[in-house]
Amino acid sequence: MSQEEFAREIGTSARTVSRWEAGDDIPTFTIAQMKALDRLLRSRAKTLDDLPDEFGSTGQVSP
């Protein structure tokens, strides 16, 4: 799923999603966005527990 598709599904902008993934912003959600995210996850047989605890760079270098 692209950033644009994800953003549209939860009611935010692709730029916001990009900043979350880069670790530039901490994700915050309205209640409506949380419900949309829950519906999106459920449609893919996932839950909030399946999401990573952090986005962006952790400062670790891949081998």
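Residues numbered from 1 in each chain as written. Predicted model: local features only at pLDDT ≥ 70, side-chain atom pairs only at ≥ 80, totals over all residues. Heavy atoms only, no water.

A.B. asks: I keep staring at helix α2 (residues 14-22) and nothing clicks. Help me out?
C.D. replies: Owing to its 3.6 residues per turn, the α-helix brings residues three or four apart onto one side. The complete set of buried residues in α2 reads Thr16, Val17 and Trp20. For α2, the buried positions fall inside an angular range of 100 degrees around the axis, keeping them on one side. In this fold, the buried residues of α2 make contact with α1 (3-10). Note on α2: the residue one or two positions beyond its end, Gly23, has a positive phi of about 80 degrees. (Buried < 20%, exposed > 50% of the residue type's maximum accessible area, 1.4 Å probe, protein only. Helix = DSSP H or I, 4+ residues; strand = E, 2+ residues; numbered from the N terminus. Arc of directions from axis to C-beta. Contact = heavy atoms within 4.5 Å.)

A.B. asks: Explain unusual backbone geometry to me, please; I cannot follow it from the model alone.
C.D. replies: Peptide bonds are mostly trans, and most non-glycine residues show a negative phi. Backbone geometry places Ala45, a non-glycine residue, at a positive phi of 55 degrees. Relative to the assigned elements, Ala45 resides in the segment after α3 (31-43). By relative accessible area, Ala45 is classed as exposed at 70%.

A.B. asks: Looking at this structure, I do not really get the packing of α1 against α3. What am I missing?
C.D. replies: Packing of α1 against α3 brings their axes to within 8 Å, and their N-to-C directions diverge by 120 degrees. Considering their axes alone, α1 and α3 lie oblique with respect to each other. Touching Phe6, Glu9 and Ile10 of α1 are Gln33, Ala36, Leu37 and Leu40, all from α3. When grouped by side-chain class, the residues that make up the contact of α1 with α3 number five nonpolar, one polar and one charged. (Axes fitted to C-alpha atoms, helices over the stretch in contact; angles between N-to-C directions. Parallel < 35°, antiparallel > 145°, perpendicular 65-115°, else oblique. Nonpolar A, V, L, I, M, F, W, Y, C, P; charged D, E, K, R; others polar.)

A.B. asks: What is the right way to look at the nonpolar core in this model?
C.D. replies: Counting nine residues, the largest nonpolar core is built from Phe6, Ala7, Ile10, Val17, Trp20, Ala36, Leu37, Leu40 and Leu41. For this core, the elements supplying multiple residues, two or more each, are α1, α2 and α3. Residue contributions to this core peak at four residues, all from α3. The contact partners of Ala7, leaving out residues within four places of it in the chain, are Thr12, Ser13, Ala14 and Val17. (Core = buried A, V, L, I, M, F, W, Y, C linked by side-chain atoms within 4.5 Å.)

A.B. asks: Would you take a moment to explain the pattern of salt bridges for this structure?
C.D. replies: Oppositely charged side chains are able to pair whenever their charged atoms sit close together. Across all of its chains, the model carries two salt bridges by this definition. Here Arg19 and Asp25 are joined by a salt bridge, their closest N and O atoms 2.7 Å apart. When its relative accessible area of 32% is taken as the criterion, Asp25 is described as partly exposed. For Arg42, the salt bridge is made with Asp38, and the minimal N-O distance between the two is 2.8 Å. Within this pair, Arg42 and its partner Asp38 are both found in helix α3, separated by four residues, close to a single helical turn. Relative accessible area serves as the criterion here: at 60%, Arg42 is assigned to the exposed category. According to the relative accessible area criterion, Asp38 is partly exposed, its value standing at 26%. (Salt bridge = Lys/Arg side-chain N within 4 Å of Asp/Glu carboxyl O.)

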